[in-house]
Amino acid sequence: FIEQIKDSGEYINQEIKLKGKTISVRMAPLFDDNAKLWGILAVLQDATRERKLEDLRREFLGDVSHELRTPLTSIKSYTETLLDGDIEDRELSIKFLKVINSESDRMTRLVKDLLQLSRLDNKQMKWNMKEISIVDLVKYTVNKMQIEAKSKGHSLECHVIEEVPNIMGDKDRLEQVMVNIISNAIKYTQEGGNIQVYIGKSNNEVYVKVKDNGVGIPEEDLPRIFERFYRVDKARSREMGGTGLGLSIAKEIVEAHGGNISISSEYGKGTEVLIKFPFINLK
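For the structure given in this document, a descriptive report is provided here. Predicted, not measured: the structure shown is a model, and the values here were computed from it.

## Concerning the overall build of the chain
The secondary structure content of the chain amounts to eight helices and ten strands. Over its C-alpha trace the chain gives a radius of gyration of 26 Å, far above what one expects of a compact globule, namely 19 Å for 283 residues. Principal-axis analysis of the C-alpha atoms places the extent of the chain at approximately 85 × 70 × 40 Å. Taken across its 283 residues, the chain has 36% of its residues classed as buried. Taking as baseline every contact in the chain between residues at least 6 positions apart, the subset at least 24 positions apart corresponds to 64%. Summed over its atoms, the accessible surface of the chain is roughly 17100 Å², and 51% of this surface lies on carbon and sulfur atoms. Separation between the mean location of the 43 positive side-chain charges and that of the 45 negative ones in the chain comes to 3 Å.

## Quick notes on the layout of surface pockets
The computed volume of the second largest pocket comes to approximately 370 Å³. In terms of lining, the second largest pocket is formed by Lys-52, Leu-53, Leu-56, Arg-57, Glu-59, Phe-60, Leu-61, Asp-63, Glu-227 and Arg-228. Across the lining of the second largest pocket, the residue classes tally to four nonpolar, no polar and six charged.

## Quick look at the packing of helix 6 (residues 171-187) against helix 8 (residues 246-256)
For any two helices packed against each other, the geometry comes down to the angle between their axes and how far apart the axes lie. Contact geometry of helix 6 with helix 8 gives a least axis separation of 9 Å together with a crossing angle of 140 degrees. One element, helix 6, and the other, helix 8, form an angle in the oblique class. Both helix 6 and helix 8 take part in a crossing whose hand is left-handed. Across the interface between the two elements, Arg-173, Leu-174, Gln-176, Val-177, Asn-180, Ile-181 and Asn-184 from helix 6 touch Gly-246, Leu-247, Ile-249, Ala-250, Ile-253 and Val-254 from helix 8.

## A closer look at the sheet that holds strand 9 (residues 260-266)
On the basis of which strands lie adjacent, the open sheet formed by five strands has the order 5-7-8-10-9 and mixed pairing. Looking at strand neighbours, the two that pair on one side only are strand 5 (155-160) and strand 9, the edges of this open sheet. For this sheet the average axis-to-axis angle between neighbouring strands, irrespective of direction, equals 15 degrees. Where strand 5 lies against strand 7 (residues 194-202), six bridges are found, and the strand directions are parallel. What sits directly across from Val-160, in strand 7, is Ile-199. Packing of helix 6 onto the sheet brings it into contact with strand 5, strand 7, strand 8 (205-212), strand 9 and strand 10 (270-278), and relative to strand 10 it is tilted by some 170 degrees. Helix 8 contacts strand 9 and strand 10 of the sheet and is inclined by roughly 140 degrees relative to strand 9.

## Focus: a nonpolar patch on the surface
Judged by side-chain polarity, Phe-1, Ile-16 and Leu-18 come together as a nonpolar surface patch covering roughly 240 Å² of accessible area. In this fold, Phe-1 is placed in the segment before helix 1 (2-8). Residue classification places Phe-1 among the partly exposed residues on the basis of a relative accessible area of 35%.

## Concerning unusual backbone geometry
Even without being a glycine, Lys-19 presents a positive backbone phi close to 50 degrees. Within the secondary structure layout, Lys-19 lies in the loop between strand 1 (12-18) and strand 2 (21-31). Relative accessible area serves as the criterion here: at 85%, Lys-19 is assigned to the exposed category. Within the chain, Asn-203 stands out as a residue other than glycine whose phi angle is a positive 55 degrees. Tracing the backbone shows Asn-203 in the loop between strand 7 and strand 8.

## Things to note about the pattern of salt bridges
Overall, the coordinates contain 13 salt bridges when judged by the stated rule. Where Glu-3 meets Lys-6, a salt bridge forms, and the shortest distance between an N and an O atom there is 3.7 Å. Placement of the pair is Glu-3 and Lys-6 together in helix 1, with a separation of three residues, close to one helical turn. Where Asp-55 meets Arg-58, a salt bridge forms, and the shortest distance between an N and an O atom there is 2.5 Å. Pair noted here: Asp-55 and Arg-58 are both in helix 2 (residues 48-83), with a separation of three residues, about one helical turn. Given the relative accessible area of 42%, Asp-55 is considered partly exposed. Three or more residues joined by partner-sharing salt bridges are found here, namely Glu-15, Arg-51 and Glu-54.

Rules used throughout
- Residue positions within a chain follow its written sequence, with the count starting from 1.
- With the structure being a predicted model, the display of local features is reserved for residues of pLDDT at least 70 and the display and counting of side-chain atom pairs for 80 or more, all residues being used for whole-chain, interface and lining totals.
- Excluding hydrogens and water, the side-chain values take into account all heavy atoms of the structure.
- Every helix listed is a DSSP run of H or I at least four residues long, and every strand listed is a run of E at least two residues long, numbered separately from the N terminus.
- For the radius of gyration, the atom set is restricted to C-alpha positions; the globular benchmark scales as 2.2 Å times the number of residues to the power 0.38.
- When a residue's accessible area, from a 1.4 Å probe over protein chains only, is under 20% of the maximum for its type it is buried; when over 50% it is exposed; and in between it is partly exposed.
- Between two residues, a contact is recorded if the distance between any of their heavy atoms is within 4.5 Å.
- Per-residue and other accessible areas follow the Shrake-Rupley method at a 1.4 Å probe size, with only the shown protein chains counted as cover for residues.
- Positive charges come from Lys and Arg, negative ones from Asp and Glu, while His and the chain ends are left out of the count.
- Note on charges: their place is set at NZ of Lys, CZ of Arg, CG of Asp or CD of Glu.
- In this analysis the probe radius is 1.4 Å and the grid spacing 1 Å, with only protein atoms considered; a cavity is a set of points the probe fits into but cannot get out of, a pocket is an open set with protein on both sides within 12 Å along at least five of seven lines, and lining residues have an atom within 4 Å of a point.
- Grid points are joined across faces, edges and corners, and a volume is the space filled by probe spheres set on the points.
- By the convention adopted, Pro, Cys, Tyr, Trp, Phe, Met, Ile, Leu, Val and Ala count as nonpolar, Lys, Arg, Asp and Glu as charged, and the other residues, Gly among them, as polar.
- All axes here are fitted lines through C-alpha atoms, helices being fitted over the stretch that makes contact, and every angle between N-to-C directions spans 0 to 180 degrees.
- Roughly parallel covers angles under 35 degrees, roughly antiparallel covers those over 145, roughly perpendicular covers 65 to 115, and oblique covers all other angles.
- Handedness of each helix crossing follows the sense of rotation of the near helix against the far helix: counterclockwise by less than a right angle gives left-handed, clockwise gives right-handed.
- When DSSP locates at least two bridges between a pair of strands, those strands are taken to pair.
- Like-charged residues within 9 Å of one another, or nonpolar side chains (Val, Leu, Ile, Met, Phe, Trp, Tyr) within 5 Å, are grouped into patches, provided each residue has over 30% relative accessible area and no salt bridge.
- Put simply, a salt bridge is a Lys or Arg side-chain nitrogen that is within 4 Å of an Asp or Glu carboxyl oxygen.

Take a look at the structure:
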């Protein structure tokens with residue numbers, strides 16, 4: 001770059017890759033009163049984070065477009081088929097209308113999740129923080145999901161390890177997190193599986209652990225599991241009605257409560273989700 005400026009006398013504004021980083025290079029020639037080059041001013045800036053965010057934004061927009069285009073294409077094609085004359089066939093019309101209704105529901109779920117993520121990102125989420133029993137909340141969620149678990153022949157059990165203190169939290173939002181985690185365990189565990197939910201405390205934290213013996217997650221996918229729209233099995237996830245945003249939303253909600261969520265898994269053997277919250281006092 002220095003030699004280039006010596007030859008051309010022109011300003012340089014470029015980015016270079018260096019050891020996994022993106023470096024912004026801005027260099028300007030300095031001339032004296034006789035237009036003779038006497039020095040060069042150089043500014044180097046680490047732009048790695050900014051470029052990564054830009055890449056994530058572009059990827060996110062592409063994912064949103066794709067997720068909306070797929071159901072819209074189905075809705076349009078089925079509607080056009082009905083308008084072309086097949087509407088007289090009642091049985092076929094009902095079948096097509098069911099598909100249109102299902103795809104509309106899918107788009108509604110997607111838009112709802114996107115709006116919730118937007119509120120979380122922009123700190124616009126209204127939290128109804130109260131002292132709540134995490135034990136009661138998790139037990140309630142487990143009982144509510146027994147029907148879904150039994151439909152796949154799963155054993156879904158809840159265990160309270162010891163006396164668990166209360167936490168400060170938004171009951172509805174935390175229930176949303178638990179429903180998402182347990183629902184994933186049910187979906188991605190083969191027929192007749194075993195799902196265990198544990199509630200306990202460790203040091204100054206309350207924990208909820210959801211463990212299954214399902215299909216598991218490949219090791220290379222684990223670092224990206226909380227990314228928006230990231231799916232291990234894209235086709236299967238869409239088929240099950242997932243938007244690819246559930247875990248992202250769950251992570252945002254947990255962290256807004258001062259907690260953290262982590263996932264460990266062994267492909268083909270099962271997955272364990274661990275959620276921790278700070279507690280406020282003993283019962």
